[in-house]
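Take a look at the letters that make up each chain.
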Amino acid sequence: PLPPPARPMLAPRRLHGASRAVLSAGRRLSSLQQHHELREDVEAPLAEPALKSMNMFTAINDAMRIALERDPMAIVFGEDVAFGGVFRCSVGLREQFGPSRVFNTPLSEQGIAGFAIGYAAMGHTAVAEMQFADYIFPAFDQLVNEAAKYRYRSGNQFNVGGLTVRSPCGAVGHGGLYHSQSPEAYFTHTPGLKVVMPRGPAEAKGLLLACIRDPNPCIFFEPKALYRAAVEDVPEGDYTIELGVADVMRAGDDVTLVGWGGQLRVLERAADKAAELGISCELIDLRTLLPWDYDTVAESVRKTGRLVVSHEAPVTSGFGAEVSAKIQEMCFDSLEAPITRVCGYDTPFPLIFEPEYLPDADKVLEAVRRVTAY
């Protein structure tokens with residue numbers, strides 16, 4: 001038999017004195033690691049953390065504030081960041097931490113990435129913002145050929161693990177072809193990076209703090225349609241959500257639904273509609289796309305026998321193709337129907353035809369009905 005495929009060369013995870021708390025606050029949250037004091041021989045009981053209602057941009061703002069407070073060498077920068085950013089994610093941080101730690105940059109994504117890599121190479125923490133994911137491509141060479149390979153090419157002598165790049169992505173209702181793209185798949189083809197996309201405020205805060213503290217460069221995509229639309233109770237204070245671990249949001253028996261980011265809201269609606277037809281869907285949020293938690297997905301598919309993967313990005317070579325291929329390899333004998341993808345079309349992102357382009361709940365429901373009837 002062939003050996004299992006090797007994962008990308010990444011640094012060992014830092015170990016923190018943390019325990020896992022599972023909270024229920026409107027939506028089920030899982031895998032939250034709440035920091036607390038430990039005695040030498042006895043672990044102190046974990047008190048349930050206080051919760052505060054936040055939308056996603058305030059949760060991201062809170063995560064960056066905590067990172068700046070805990071790490072005196074952490075800096076936040078990007079186009080218009082000093083003024084709060086176009087989506088207000090950095091509002092108030094310059095006033096609290098000063099212009100030497102929160103500042104604007106020239107309109108040069110390549111320059112932002114190059115500066116961030118240099119700062120992180122000195123052992124410091126750089127949180128860089130690309131104002132829109134559509135404009136991350138001028139920085140592509142810096143990220144995939146420099147940041148991702150820095151540790152490998154030096155034989156682990158040097159690294160840029162303190163680098164986190166934030167970028168708003170996805171449809172917003174009126175963005176057109178240059179303010180609506182979801183380019184996550186480009187970066188998942190790059191060993192040495194971690195790629196993350198949250199589905200809501202509590203996940204965004206915990207995952208962003210985990211990215212900032214991870215000893216590998218991370219690309220953190222933020223579905224901009226959720227900045228104000230997604231509101232939920234978020235734990236106050238400092239916590240992280242482990243990278244590379246998927247979340248089973250809803251248990252089911254008939255079909256496995258897999259997505260990430262804003263598409264989870266679509267999949268939830270589709271699962272609700274399927275339940276009205278007597279179809280039980282298991283819903284999984286990958287959270288991290290590189291490395292991704294294929295074991296959790298495979299365990300679910302072995303139970304349900306069916307898999308539907310959905311994302312906004314175009315279907316061809318989207319990350320759903322990787323999920324489909326890997327699960328077909330792992331679960332071939334368990335499949336009751338072909339793995340199905342419900343994704344964006346292979347066209348530039350349209351403006352007036354955005355509703356037709358997007359993989360909505362009705363399209364997902366049709367795929368669910370098709371695989372269950374196969």
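Rules and cut-offs
Residues numbered from 1 in each chain as written. Predicted model: local features only at pLDDT ≥ 70, side-chain atom pairs only at ≥ 80, totals over all residues. Heavy atoms only, no water. 1 Å grid on protein atoms, 1.4 Å probe; cavity = no way out; pocket = protein on both sides within 12 Å on 5 of 7 lines; lining within 4 Å. Points joined across faces, edges and corners; volume = space filled by probe spheres on them. Helix = DSSP H or I, 4+ residues; strand = E, 2+ residues; numbered from the N terminus. Nonpolar A, V, L, I, M, F, W, Y, C, P; charged D, E, K, R; others polar. Contact = heavy atoms within 4.5 Å. Polar contact = N/O pair within 3.5 Å; in protein donor to acceptor, adjacent residues only side chain to side chain. Core = buried A, V, L, I, M, F, W, Y, C linked by side-chain atoms within 4.5 Å. Buried < 20%, exposed > 50% of the residue type's maximum accessible area, 1.4 Å probe, protein only. Pairing = 2+ DSSP bridges. Axes fitted to C-alpha atoms, helices over the stretch in contact; angles between N-to-C directions.

Roughly 410 Å³ of volume is contained in the second largest pocket. Looking at the lining of the second largest pocket, the elements with two or more residues in it are helix H8 (226-229), helix H9 (263-276) and strand E18 (307-314). With four residues, the top contributor of residues to the lining of the second largest pocket is H9. When grouped by side-chain class, the residues that make up the lining of the second largest pocket number 13 nonpolar, six polar and seven charged.

Moving on, we get to empty space enclosed by the protein. Unoccupied space between atoms shows up once a probe the size of one water molecule is rolled over them. Scanning the model with the defined rule gives one cavity of 30 Å³ or more in all. In this model, the largest cavity occupies a volume close to 30 Å³. As for the largest cavity, its lining consists of Gly84, Gly85, Val86, Phe87, Arg88, Cys89, Glu129, Gln131, Arg166 and Pro168.

Position of Gln96 among the secondary structure elements: in helix H2 (residues 93-97). Sequence separation between Gln96 and Leu68 is 28 residues; the distance between their C-alpha atoms is 9.7 Å. Once residues lying within four places of it in the same chain are set aside, the contact partners of Gln96 are Arg65 and Glu69. At 3.3 Å, the side chain of Gln96 forms a polar contact with the side chain of Glu69.

What follows is about the nonpolar core. Soluble globular proteins tend to pack their nonpolar side chains together in the buried interior. Counting residues in hydrophobic clusters, the biggest one holds 47 residues, and the most contacted among them are Leu143, Phe187, Phe221, Leu286, Val297 and Ile327. Ranked by residues supplied to this core, first place goes to helix H3 (residues 109-121) with six residues. Here Val297 is in contact with Val258, Ile284, Leu286, Trp292, Leu307 and Ile327, once residues within four sequence places are set aside. Core analysis: the next-biggest nonpolar cluster, separate from the first, contains 38 residues, Met56, Ala74, Leu93 and Ala230 among them.

The next thing to look at is the sheet that holds strand E10 (residues 194-196). Taken in spatial order, the seven strands line up as E7-E6-E8-E9-E11-E10-E17 in an open sheet, and their pairing is mixed. One side of each edge strand has no neighbouring strand; the edge strands of this open sheet are strand E7 (102-104) and strand E17 (288-290). The average angle at which neighbouring strand axes cross in this sheet is 20°, direction not considered. Two strands pair when backbone bridges link them, and strand E6 (residues 75-78) and E7 are joined in this way by three bridges, in the parallel orientation. Bridge assignment links Gly78 to a residue of E7, and that residue is Asn104. Relative to the sheet, helix H7 (residues 201-213) contacts strand E8 (126-129), strand E9 (163-169), E10 and strand E11 (218-223), its axis offset from that of E11 by approximately 160°.

Looking now at the sheet that holds strand E16 (residues 281-285). One open sheet holds the five strands; their spatial order is E14-E16-E15-E18-E19, and the pairing between them is mixed. The sheet is open, and its two borders are formed by strand E14 (247-250) and strand E19 (340-344), each paired with just one other strand. Across the sheet, the axes of successive neighbouring strands diverge by a mean angle of 25°, strand direction being ignored. Summarising the sheet, strand E15 (residues 255-259) and E18 pair through three bridges and their orientation is parallel. Looking at E18, one finds that Leu257 is bridged to Val308. Helix-sheet contacts for H9 involve E14, E15, E16 and E18, and the interaxial angle to E16 is about 175°.

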